[in-house]
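Observations on chain architecture
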Amino acid sequence: MFHAHVYFDLPEQTTAEAVHQRIRQERSDITAIFPLVHRKVGPHDKPMFEVHFLNNDLGFIEWLDQHRQGLTVLIHPVSDEELADHTSRAQWLGNPLPIHTHIFDQ
């Protein structure tokens, strides 16, 4: 299982909504997509929405990189080691964001 966190600034909300809609319409390989969260949430300082997918067998990561419209995306595996998942095991599309590691159990 993997999570993709698509980050946006509030002025980019329309862009984020368009990316969200396109994922919903065009990708059958996602297992869940959550609504936009219009506030800072999680280990980063930006609003975001989250997408879950099992693997990259159908090229979701590459597709998302082509269709993210300049938004930053964090992609990470899901394991019992959240800190490693969000840091050393993470992949970024776009500019990486600073991460608040203190929120993870260490």
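Before any of the text, the structure's been laid out above.
Quick caveat: nothing in here was measured; it's all calculated off a predicted structure.

**So, the overall build of the protein chain**
Across its full length, the protein chain carries 3 helices and 5 strands. In the protein chain, the succession of α and β elements from N to C terminus is β-α-β-β-α-β-α-β. In terms of overall size, the protein chain behaves like a compact globule, its C-alpha atoms giving a radius of gyration of 13 Å where 106 residues would be expected to give roughly 13 Å. Long-range contacts, defined here as pairs at least 24 residues apart, represent 60% of the contacts in the protein chain between residues at least 6 apart. With the model as given, the accessible surface of the protein chain reaches about 6,000 Å², and the carbon-plus-sulfur share is 48%.

**Section: helix 2 (residues 60-67)**
Taken together, the buried positions of helix 2 are occupied by Phe60, Ile61, Trp63, Leu64 and His67. Down the axis of helix 2, the buried side of the element spans an arc of 160 degrees, and every buried residue falls inside it. For helix 2, the secondary structure elements touched by its buried residues are strand 1 (2-7), helix 1 (13-26), strand 2 (30-33), strand 3 (48-53), strand 4 (72-77) and strand 5 (91-93).

**Considering the nonpolar core**
By size, the foremost hydrophobic cluster in this structure holds 19 residues, and its most contacted members are Ala4, Ile23, Phe49, Phe60 and Leu64. Counting residues per element, the ones that place at least two in this core are strand 1, helix 1, strand 3, helix 2 and strand 4. For this core, the element with the most residues is helix 2, which contributes 4 residues. If we skip the residues at most four places from it in the chain, Phe60 touches Ala4, Ile23, Arg27, Asp29, Ile30, Val51 and Phe53.

**Remarks on the sheet that holds strand 1**
Pairing within the open sheet is antiparallel, and its 5 strands lie in the order 2-3-1-4-5. A single partner strand is all that each edge strand has here, and the edge strands are strand 2 and strand 5. Within this sheet the neighbouring strands show an average axis-to-axis angle of 20 degrees, counted without direction. By the bridge criterion, 3 bridges tie strand 4 to strand 5 in an arrangement that is antiparallel. Across the sheet, Leu74 pairs through a bridge with Trp92, a residue of strand 5. Contacting strand 1, strand 2, strand 3, strand 4 and strand 5, helix 2 runs over the sheet at an angle of about 30 degrees to strand 5.

**Details of the pattern of salt bridges**
Working definition: two side chains of opposite charge can pair if their charged atoms are close together. Counting across every chain of the model gives 6 salt bridges. For Glu26, the salt bridge is made with Arg22, and the minimal N-O distance between the two is 2.9 Å. One end of the pair is Glu26 and the other is Arg22, both in helix 1 and 4 residues apart, which spans about a single turn. We classify Arg22 as partly exposed; its relative accessible area is 32%. One salt bridge connects Asp29 with Arg27, and the closest N-O pair in it is separated by 2.7 Å. One connected set of salt bridges, linked through shared partners, spans Glu81, Asp85 and Arg89.

**Describing helix 1**
The end-to-end C-alpha distance of helix 1, which contains 14 residues, comes to 20 Å, matching closely the 20 Å that a straight helix rising 1.5 Å per residue would cover. Of the positions making up helix 1, those classed as buried are Ala16, Val19, His20 and Ile23. The buried residues of helix 1 occupy an angular sector of 100 degrees when the element is viewed end-on, so they sit on one face. Exposed and facing more than 90 degrees away from the buried side of helix 1 are Thr14 and Gln25. Buried residues along helix 1 sit against strand 2, strand 3 and helix 2.

Rules and cut-offs
- Residue indices begin from 1 for each chain and proceed along its sequence in written order.
- Where totals are concerned, whole chains, interfaces and linings use all residues; where local detail is concerned, this predicted model gives features only for residues with pLDDT of at least 70, and gives and counts side-chain atom pairs only at 80 or more.
- Derived side-chain values reflect all non-hydrogen atoms in the structure, with water molecules and hydrogen atoms excluded from consideration.
- Labels follow the DSSP assignment, with helices taken as runs of H or I lasting at least four residues and strands as runs of E lasting at least two, numbered in each case from the N terminus.
- The quantity called the radius of gyration is restricted to C-alpha atoms. Its globule counterpart is 2.2 Å times the number of residues to the power 0.38.
- Here, two residues are considered to be in contact whenever any of their heavy atoms come within 4.5 Å of each other.
- Only the protein chains shown count as cover for residues, with accessible areas throughout obtained via the Shrake-Rupley method and a probe of 1.4 Å.
- With a 1.4 Å probe rolled over the protein chains alone, any residue whose accessible area is under 20% of its type maximum counts as buried; one over 50% counts as exposed, and the rest are partly exposed.
- Regarding the arc, it is the one traced by the directions from the helix axis to the C-beta atoms.
- By nonpolar core we mean a set of buried residues, namely Ala, Val, Leu, Ile, Met, Phe, Trp, Tyr and Cys, connected to one another through side-chain atoms within 4.5 Å.
- Only strands that DSSP links by at least two bridges are regarded as paired with each other.
- Comment: axis = line fitted to C-alpha atoms, over the contacting stretch for helices; angle = value between 0 and 180 degrees taken between N-to-C directions.
- Any Lys or Arg side-chain nitrogen located within 4 Å of an Asp or Glu carboxyl oxygen qualifies as a salt bridge.
- One less than the residue count of a helix, multiplied by 1.5 Å, gives the span that helix is expected to have.

Just distances and angles here, no functional claims.
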